Amino acid sequence: MASVLSQPVTTVAPPVQAAAPRRFALGYAVVLAIFATSPFWLSAVGLYQYLALEVLIWSMYALGYNLLLGYGGLPSFGHGAFFGIGAYAAGLALKHADAGLLAGMAAAIAAAATLGALVAAFISHRRGIYYALMTIAFGQLAWFVSIKWHSVTGGEDGLLNIPRPPLDLGFVQVSLSSHAALFYFALVLFAVIAWVLWYLIDTPFGRVLGAVKQNEMRAAYCGHNVWLVKFTVFVMSCAIAGLAGGLFALAQQSAYPNVMSLNNSGYVVMMVLIGGGLVSFWGPVIGAVFFIVARDLLGAYTETWLLWYGLLFMAVVLFKPEGIAGIIEQLRDQLRPWIHALRSRDS
């Protein structure tokens, strides 16, 4: 036990710190303001409304994934399976069970969380590379089932013509037939998820999760149930991935098995890392914006856009593992003395 407790704590990058309430509130307000006003200025910069909707969905997905990777240090390389399961669950509920919008989203969350709990029960006693490899195995299994189970998933053709029902609030129904209306519905869910995640990481559970990231054995010797913590955070992350998948199915009005592939699972990892999810709460959002916009802009010039993005990703990991958020933090620290000097001179 003494040898375990004396082991130094090492991390690939500086650990994520829970944002101070005032600082989080500022970032929260800025992010929501940018998203909320995007329909009014997107066309002016040559972009389109669906792009903002896609960015918002992937940002939610990446925030949930960062709870697992950035705050728990648990690498899941098959997380696209739960995104896809949420998409299929919502699609099946809306198309074949005649469910309402909220019931469809609940089905997406429940299906992803249930299957996530099943996977977590098998992998939560593992760590490191073995944990990562098992997530890949389960992810590929889900992808294979989605392709072969034609009677339910539609096979490689996918689940098509998923209806987009109105939001029924009891006293009023709000149509979500347009991308703009669905965008604002997704924005409300994103705002709730972001606040809940920030609150969670600043609770005792979040601090124990940070201890597990630093050293699992030490956390266990301190009396924490490491298996239960890893199980719980995995299920939470899967539930958020399922919700994002359900929204994605609504956006495309279809669900396809390719979202469950290993390639698509890798996209969210790249978003979190290049955005700076290891050092910043908002890093995954920055990474999602950067990835989706780069995909569209680079894709307009070359079919090999992912090659160039991959090279950029490698450069960031090698030379600036803190990601874009880390670069912003560094620039702010460098500018702070200048800003302080100007304020002092003015006063």
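These remarks concern the structure in this document. (Residues numbered from 1 in each chain as written. Predicted model: local features only at pLDDT ≥ 70, side-chain atom pairs only at ≥ 80, totals over all residues. Heavy atoms only, no water.)

**Describing helix 14 (residues 305-319)**
What counts here: Runs of H or I in DSSP of at least four residues are treated as helices and runs of E of at least two as strands, each being numbered from the N terminus. Take the number of residues in a helix, subtract one, and multiply by 1.5 Å to get its expected span. Residue exposure (1.4 Å probe, protein chains only): buried if accessible area is under 20% of the type maximum, exposed if over 50%, otherwise partly exposed. Directions drawn from the helix axis to the C-beta atoms are what define this arc.
For helix 14, with 15 residues, the first-to-last C-alpha span of 21 Å sits near the 21 Å given by 1.5 Å per residue. Those residues of helix 14 lying buried are W305, Y309, G310, F313 and V316. Seen from one end, helix 14 has its buried residues packed into an arc of 125 degrees, which puts them on one side. Seen from the buried face of helix 14, the exposed residues on the opposite side, beyond 90 degrees, are L318 and F319.

**A word on the packing of helix 2 (residues 21-41) against helix 3 (residues 49-69)**
For clarity, the cut-off: For helices, the fitted axis covers only the stretch in contact; all axes are lines through C-alpha atoms, and the angles between them, taken along N-to-C directions, range from 0 to 180 degrees. We call two directions roughly parallel when the angle between them is under 35 degrees, roughly antiparallel when it is over 145, roughly perpendicular when it lies between 65 and 115, and oblique otherwise. Crossing handedness follows the turn of the near helix against the far one: under a right angle anticlockwise gives a left-handed crossing, and clockwise gives a right-handed one. In what follows, a contact means two residues having at least one pair of non-hydrogen atoms within 4.5 Å. Ten residue types, Ala, Val, Leu, Ile, Met, Phe, Trp, Tyr, Cys and Pro, are classed as nonpolar, four, Asp, Glu, Lys and Arg, as charged, and the remainder, Gly among them, as polar.
For the pair helix 2 and helix 3, interaxial distance at closest approach is 9 Å and the crossing angle is 165 degrees. One finds that helix 2 runs roughly antiparallel with respect to helix 3. In terms of crossing hand, the pair formed by helix 2 and helix 3 is left-handed. Residues F35, S38 and P39 of helix 2 touch helix 3, and the partners they reach there are Q49, A52, V55, L56 and S59. Classifying every residue of the contact of helix 2 with helix 3 gives 5 nonpolar, 3 polar and no charged.

**Concerning the environment of K230**
Just so we agree on the cut-off: Two N or O atoms form a polar contact when they lie within 3.5 Å of each other; inside protein one atom must be a possible hydrogen donor and the other a possible acceptor, and for residues adjacent in sequence the pair counts only when both atoms belong to side chains.
You can see K230 is positioned in helix 11 (residues 226-252). For K230, a relative accessible area of 1% puts it in the buried group. A C-alpha to C-alpha distance of 9.5 Å links K230 and A121, two positions 109 residues apart in sequence. The residues touching K230, leaving out its near neighbours within four places in the chain, are L74, S124, R126, R127, Y131, V212 and E216. In this structure the side chain of K230 is engaged in a polar contact, spanning 2.3 Å, whose partner is the backbone oxygen of R126.

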